[in-house]
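Single-letter residue listing:
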Amino acid sequence: MERCYLIFRFFVAGTFLLSLMSPSRATAGDLAIPKPQKGEFVRDLADLLSEEAELRIQQLVQQQVATTGRTIIVVTVESMAAHGGEGLTIESFAKQFLKEWFGAERGKGSQSEWPGVLLLVCRDDRQAIIEPGDDWWAKNHTKFRRIMDNQIIAEFKSGRFETGMVEVVESLNHIAQRKDLLKALLPDFSRLGPKERFSLVFGLFFLLIWFLYPRQPVSADDSDGDSVDSDGDGDD
């Protein structure tokens, strides 16, 4: 009986040591995918895109970078496990891409944000995600959810991976373009000094009062000109 107890203890201790020695999840630096080169916006490791689709995505992102300075990176992999992401959720896997490739970590007070968004598709895991690299993109998370539902999930269920990814990039392009158009039309109040801000607020307040203040209409009796009766003759 005592021998069985000792064997059991050795078994438990050995199992515990093996669990410490065996990595249960990927850590930073484990992703076996080289960082994209400058001007490279598509990394299709799962062979889901045709040459025409890759070229279309490249052109869309190049136009956006030129006009807004914001980037979209499209990555497809066979599975997370095949590239060092075994045991990770797709959210953690995507964040690790951004951290390893661009040193990007979003969060309160973070100074290492990356002005782009990652579209990651894991073919065999049947998962995809749009992961923002900075707070500007993160503010559009509700739009990302609609894109996921209406384009990625809908197209992927039908096996149209290529169509879905091109549509997603087009939608992300539209988000960036509209935001920058609004930014261009509105003044940058952060650059105004105290006097300029005071003048602007005072002017807006004056205009508001001017529009809201009731103005009395001028009656015929108060006018200086001669009155005319209904049949067109003047006063006797």
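Our structure's up above, just so we're on the same page.
Reading guide: rules and limits
Residues numbered from 1 in each chain as written. Predicted model: local features only at pLDDT ≥ 70, side-chain atom pairs only at ≥ 80, totals over all residues. Heavy atoms only, no water. Core = buried A, V, L, I, M, F, W, Y, C linked by side-chain atoms within 4.5 Å. Buried < 20%, exposed > 50% of the residue type's maximum accessible area, 1.4 Å probe, protein only. Helix = DSSP H or I, 4+ residues; strand = E, 2+ residues; numbered from the N terminus. Contact = heavy atoms within 4.5 Å. Salt bridge = Lys/Arg side-chain N within 4 Å of Asp/Glu carboxyl O. Polar contact = N/O pair within 3.5 Å; in protein donor to acceptor, adjacent residues only side chain to side chain. Pairing = 2+ DSSP bridges. Right-handed = clockwise from strand over helix to strand, strands pointing away. Phe/Tyr/Trp six-rings, centres within 6.5 Å; stacked < 30°, edge-to-face > 60°.

A. Inspection of the nonpolar core at higher detail. Membership of the largest hydrophobic core comes to 46 residues, with the highest contact counts inside it found for Leu-120, Ile-130 and Leu-172. It is helix α6 (residues 161-185) that contributes the most residues to this core, seven residues altogether. Setting aside residues no more than four positions away along its own chain, Leu-172 makes contact with Gln-64, Ile-72, Val-117, Ile-130, Trp-137, Phe-144 and Ile-147.

B. How the structure looks around the pattern of salt bridges. In this structure the tally under the stated criterion is six salt bridges. A salt bridge links Glu-170 to Arg-56, with the nearest nitrogen and oxygen atoms 3.3 Å apart. Here Glu-170, found in helix α6, pairs with Arg-56, found in helix α2 (residues 51-68); they are 114 residues apart in sequence, far enough to count as distant. Overall, the relative accessible area of 26% leaves Glu-170 in the partly exposed class. Look at Arg-56 and you get partly exposed, because its relative accessible area is 35%. Glu-131 serves as the salt-bridge partner of Lys-95, at 3.4 Å between the closest nitrogen and oxygen. Here Glu-131 lies in strand β4 (residues 127-132) and Lys-95 lies in helix α3 (residues 90-102), a separation of 36 residues in the sequence.

C. Quick look at the side chain of Thr-76. One can find Thr-76 in strand β2 (residues 71-77). For Thr-76, a relative accessible area of 1% gives the class buried. Here Asp-44 takes part through its side chain, which lies 2.4 Å from a polar atom of the side chain of Thr-76. At a separation of 3.1 Å, a polar atom in the side chain of Thr-76 contacts the main-chain amide nitrogen of Ala-46.

D. Expanded view of the pairing of β2. Where burial is concerned, most of β2 is hidden: seven out of the seven residues are buried. Side chains Thr-71, Ile-73, Val-75 and Val-77 project from β2 onto one buried face, and the interleaved Ile-72, Val-74 and Thr-76 project onto a second face that is buried too. Two elements, strand β1 (residues 42-44) and β2, share three bridges in a ladder whose sense is parallel. Bridging from a neighbouring strand, Asp-44 pairs with Thr-76 of β2. Taken together, β1, α2 and β2 constitute a β-α-β crossover, and its handedness is left-handed. Both β2 and strand β3 (residues 116-122) contribute to a ladder of seven bridges, which runs parallel. Considered in β3, the bridge of Ile-73 is made with Leu-118.

E. A look at unusual backbone geometry. In this structure, Asp-47 takes a positive phi of about 55 degrees despite not being glycine. Mapping Asp-47 onto the fold places it in the loop between β1 and α2.

F. Spatial organisation of the packing of aromatic side chains. In this structure the tally under the stated criterion is six aromatic pairs. An angle of 70 degrees between the planes, with centres 4.8 Å apart, marks the rings of Phe-97 and Trp-101 as edge-to-face. You can see Phe-97 and its partner Trp-101 sitting in helix α3, four residues apart, about one turn around the helix. Comparing Phe-97 with Trp-101, the two get one shared label, buried. For the pair Phe-156 and Phe-161, a centre-to-centre distance of 4.9 Å together with 55 degrees between the ring planes defines the contact as tilted. Residue class for Phe-156 comes out buried when judged on its relative accessible area of 15%.

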